[in-house]
Amino acid sequence: MSVDTVNDLDPIDQYTASAAQDEFDYTFPIFEDGDLAVYVDGVLQALTTDYTVTGEGDDTGGTVTFVTALDGGEIVT
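Residues numbered from 1 in each chain as written. Predicted model: local features only at pLDDT ≥ 70, side-chain atom pairs only at ≥ 80, totals over all residues. Heavy atoms only, no water.

> It is not clear to me how the sheet that holds strand E5 (residues 51-54) should be interpreted in this structure. Could you clarify?
Strands sit in the order E2-E6-E5 across an open sheet of 3 strands; the sheet is antiparallel. A single partner strand is all that each edge strand has here, and the edge strands are strand E2 (23-26) and E5. Strand after strand, the sheet turns through a mean of 20° between neighbouring axes, direction not considered. Sheet topology places E2 next to strand E6 (residues 62-66); 4 bridges connect them, and they run antiparallel. Bridged to Asp 25 within E6 is Thr 63. (Pairing = 2+ DSSP bridges. Helix = DSSP H or I, 4+ residues; strand = E, 2+ residues; numbered from the N terminus. Axes fitted to C-alpha atoms, helices over the stretch in contact; angles between N-to-C directions.)

Listed below in structure tokens is the structure:
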């Protein structure tokens, strides 16, 4: 069994959205989709209402997919 050390990972990714972009990668592990907080322009988004998550339990992260594509220029954290 391997042991992952996560204290050397930066558990935050930030992007500036392009027009019609709806997918954003996160590059750190999470255990469950609810462990991830997603913000657009500083406003907390709601899981399943605003976005879905893939990659739970994956050491390399996964993808946040918004239900509705963004206009472009938004800051996604």
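That covers the picture; the talk isn't over yet.
> Even after reading the chapter, I still don't get the nonpolar core, so can you show me in this structure?
Buried together is how nonpolar side chains tend to be arranged in soluble globular proteins. Grouped together as the largest cluster of nonpolar side chains are 14 residues, with contacts concentrated most on Tyr 26, Leu 36, Val 53, Val 64, Phe 66 and Val 76. Excluding residues within four positions of it along the chain, Leu 36 makes contact with Tyr 26, Phe 28, Ile 30, Tyr 51, Val 53 and Val 64. (Core = buried A, V, L, I, M, F, W, Y, C linked by side-chain atoms within 4.5 Å. Buried < 20%, exposed > 50% of the residue type's maximum accessible area, 1.4 Å probe, protein only. Contact = heavy atoms within 4.5 Å.)

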